[in-house]
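# Chain and residue survey
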Amino acid sequence: MSHSLLHDLYVVCKESCNLSSHLLAHVWLNRPNISHQRRNHRGERVIEHSKIYGPLWKSTYGPLVVVNVASPELIEQVLRQEGRHPLRTDMPHWRTYRELRNQAHGPLTEMGPKWQRIRSILNPQMLKPRHVSAYSDAINEVVTDFIRHVARLRETNGGGVMVNDLAGELYKFAFEGISSVLFENRMGCMNEVVPEETQKFIFCVGDMFRLSSVVILFPKSSWPYLPFWKQFVEAWDYLFKVTEKLVQKKMDEIQDKVHLQQSMEGAYLTHLLLSEQMTMTEILASITELLLAGVDTTSNTVSWSLYLMARNPEIQEQLYQEVIRVCPGDKVPNSDDIAGMPYLKAVIRETLRLYPVVPGNARVTVENEIVVGDYVFPKKTLFHLCHYCVSHDENVFPEPLSFQPQRWLRGTEDKSKQHPFGSVPFGFGIRACLGRRVAELEMHLLLSRLIKHYELRPDPAGTQVMPITRTLLCPAKPINLQFVDRGAKQTARAAAGASLFNALHFDQLINLTILVDIYWNLF
Ligand code: HEM
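Residues numbered from 1 in each chain as written. Predicted model: local features only at pLDDT ≥ 70, side-chain atom pairs only at ≥ 80, totals over all residues.

Below, the discussion takes up the overall build of the protein chain. Per the secondary structure count, the protein chain includes 21 helices and 12 strands. Taken over 523 residues, the protein chain has a buried fraction of 41%. For the protein chain, long-range pairs separated by at least 24 residues make up 75% of all intrachain contacts whose partners lie at least 6 apart in sequence. (Helix = DSSP H or I, 4+ residues; strand = E, 2+ residues; numbered from the N terminus. Buried ≥ 20, exposed ≤ 12 C-beta atoms within 10 Å, placed from the backbone. Contact = placed C-beta atoms within 7 Å.)

If you want it as structure tokens, here you go:
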């Protein structure tokens, strides 16, 4: 991933938690502190705490003081009072790397008016439906490769039907998908032999996130003396180096086209390079951060939705029927087709309610004091918006643990009663997810095409997979599923029917028809 550490509460510097003590004394009277203890699933722990303390309580994370907010009404109140430049965390370790190497900041790490400027440049091509739908063809090519990849995995490692460690395989899909949108270039993640550079890039992304959570535990002044700071810097160096190479390649292509006076058709990177609103270093930083934010969020969500599909055959069948109605035969869905598939969208939406891959979201109030419930919080209060807890609250979503996509269908009673802040998987407001539309397009195209091709069934070993919080809400163990080829199933059915027919003589068939008639008349 991606938003790794984005939402990790460690990353907020001590000063940002300078809550004025007299206010806290007033708010927290008779409410004990809860110190941070790592249990397997942070979302569940937050639910336990909200049952004891109500929708607003304080936690301490070492030196940090965090105000937890766990009701849709109070989350709405915090988010609606954000100033013009909302801040999640100040990410000192990520920012320090950029300062060390004279790199710019991207949308994840930038703050204040500079952040606002970056977003105003990046937003249109990422969020406007008209622009985003233009990425359908590129993403569909990646989906085609993924379906081939699944077929290969079934044959080579899955006894003709199993695909093991779906989250790992979908990581490759998400990486390839977002690269094809950003760089307009393929990385070869799903090749039989993954190119060395791509492999190392993926490895460095993992390394950088892993080391991030270690580095941040130490004071900034000690970083230059820590061995893992060196590794952290090396990982970032490689990420920036590869991104730079890909951006340069695109620049050269554009130059060639200018020389040849050819028209400049292109997607995201071409647009950024041609619009000249950003410097080269700014483009580099933004593209790198978009890439980091856009991989394991998407791959984990699709993993959960396939897991849920396999365990809910009726829902899967309903989705399959919708897909073949909108896209019969060999028709490959595009963004217009997706618009006609409300059930597909509801399936993904409900997956994100049950498994919000970003289970909690940090917010630091920078510009003004904030009123939450009956209390006034000073500037620099660090809030933790407990999205997982709220979207599993039975008062917000009846039967919260059951997978019910119909909750999200327009015109249903469920939908009209829901609080709009009961589940906000992409955040809200001007600092909400920049990749939301692209992520949705990727997930909708992939899920619809997979379901058209394969019937998903659970692991025959009966393995239940629980979530675990590793910054994102991830499967605690590998998700393995059966992918039963629908085409092969139909051919087998037709063949079985034909052989039965051939085996019967004509007079036997007449007798059979009479028997069926008698049967129907009897009952
Ligand atoms: C299922 C997929 C995804 C989910 C659930 C998700 C969720 C989120 C959430 C909750 C935030 C924080 C919003 C806030 O603070 O209010 C966020 C921020 C962000 N996301 Fe995503 N995301 C997903 C996919 C993507 C993709 C594919 C990209 C890149 C193309 C992306 C790029 C970003 C960026 C750059 C930010 C930071 C925005 C800023 O601070 O201005 N995300 N995402």
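Counting residues in each nonpolar core, the largest one holds 124 residues, and the members touching the most others are V69, V78, L182, M208, L446 and L447. Top contributing element to this core by residue count: helix 8 (residues 166-182), with 10 residues. Beyond its immediate stretch of four places on either side in the chain, L182 contacts Y268, L269, I287, L290 and L291. (Core = buried A, V, L, I, M, F, W, Y, C linked by C-beta atoms within 7 Å.)

What follows deals with the site of the ligand. Neighbouring the ligand are 27 residues; A293, G294, G427, C433 and G435 lie closest to it. Listing elements by their share of the shell around the ligand, those giving two or more residues are helix 12 (280-293), helix 13 (296-311) and helix 19 (436-453). Its residues placed into classes, the shell around the ligand shows 15 nonpolar, eight polar and four charged. (Near = placed C-beta within 6 Å. Nonpolar A, V, L, I, M, F, W, Y, C, P; charged D, E, K, R; others polar.)

Our focus in this paragraph is the packing of helix 10 (residues 227-259) against helix 11 (residues 268-275). Contact pair helix 10 / helix 11: the axes reach a minimum separation of 10 Å and the direction vectors enclose 70 degrees. Viewed along their axes, helix 10 and helix 11 adopt a mutual orientation that is roughly perpendicular. Note on packing geometry: the crossing formed by helix 10 with helix 11 is right-handed. Residue-level inspection shows V247, K250, M251 and I254 of helix 10 in contact with helix 11, the latter providing L269, T270 and L273. Class assignment of the residues belonging to the contact of helix 10 with helix 11 gives a composition of five nonpolar, one polar and one charged. (Axes fitted to C-alpha atoms, helices over the stretch in contact; angles between N-to-C directions. Parallel < 35°, antiparallel > 145°, perpendicular 65-115°, else oblique. Left-handed = near helix turned anticlockwise from the far one by under 90°.)

On to the pairing of strand 12 (residues 481-485). Direction of pairing for strand 4 (residues 162-163) relative to strand 12: antiparallel, over a ladder of two bridges. When the bridges of strand 12 are listed, V163 appears paired with L481. Here strand 9 (residues 454-457) runs beside strand 12; their pairing, made up of four bridges, is antiparallel. Residue pairing for strand 12: E455 is matched across the bridge by V484. (Pairing = 2+ DSSP bridges.)

The next subject is helix 3 (residues 72-80). Of all the residues in helix 3, the buried ones are P72, L74, I75, V78 and L79. The buried side chains of helix 3 occupy one side of the element, clustering within an arc of 165 degrees when seen end-on. Those residues of helix 3 hidden inside the fold are in contact with strand 2 (56-61), strand 3 (64-69), strand 5 (361-364), strand 6 (370-372), strand 8 (382-385) and helix 17 (387-391). (Arc of directions from axis to C-beta.)

A separate point is unusual backbone geometry. Here the phi dihedral of E184 falls at roughly 55 degrees; this positive angle occurs in a residue that is not glycine. Residue placement: E184 occurs in the loop between helix 8 and helix 9 (196-215). Phi angles above zero are rare outside glycine, and E399 is one such case at about 45 degrees. For E399, the location among the structural elements is in the loop between helix 17 and helix 18 (413-417).

Attention now goes to the UniProt feature "binding site: heme" (unreviewed entry) in the protein chain. The positions UniProt marks with the feature "binding site: heme" (unreviewed entry) are C433. Inspection of the secondary structure puts C433 in the loop between helix 18 and helix 19. Beyond its immediate sequence surroundings of up to four residues, C433 is in contact with F426 and G427. (UniProt positions renumbered as here; feature names shortened; annotations may be inferred.)

A word on helix 4 (residues 92-100). Considered for burial, the residues of helix 4 that qualify are H93, W94, Y97 and R98. Considered in projection along helix 4, the buried side chains sweep an arc of 140 degrees and stay on one side of the axis. After helix 4 finishes, the residue N102 shows a positive phi value of roughly 55 degrees.

Attention now moves to the confidence of the model for the protein chain. When pLDDT is averaged along the protein chain, the result is 85; 84% of the residues meet or exceed 70. Below pLDDT 50 for its whole length, residues 1-39 participates in 86 contacts with residues either more than four positions away or in separate chains. A low-confidence stretch, residues 500-523 (pLDDT under 50), is modelled with two contacts involving residues beyond four sequence positions or located in other chains. (pLDDT = per-residue confidence, 0-100.)

Here we take up the sheet that holds strand 12. Taken in spatial order, the three strands line up as 4-12-9 in an open sheet, and their pairing is antiparallel. Sheet topology places strand 4 and strand 9 at the edges, where each strand pairs with a single neighbour. Strands strand 9 and strand 12 of the sheet are contacted by helix 13, whose axis makes an angle of about 80 degrees with strand 9.

With that settled, the discussion passes to the environment of R470. Along the chain, R470 turns up in strand 10 (residues 467-470). For R470, a count of 16 C-beta atoms within 10 Å corresponds to the partly exposed category. Taking C-alpha positions, R470 is 9.0 Å from R42, a pair spaced 428 residues apart along the chain.

Angle between the axes and distance between the axes: these two values describe a pair of packed helices. Relative to each other, helix 9 and helix 10 sit at 140 degrees, their axes nearing to 8 Å. As the angle between them shows, helix 9 and helix 10 are arranged oblique. The crossing of helix 9 and helix 10 is left-handed. Each of E197, K200, F201, C204, V205, D207, M208, L211, S212, V214 and V215 in helix 9 lies in contact with helix 10, whose residues at this interface are F228, W229, Q231, F232, A235, W236, Y238, L239 and V242.

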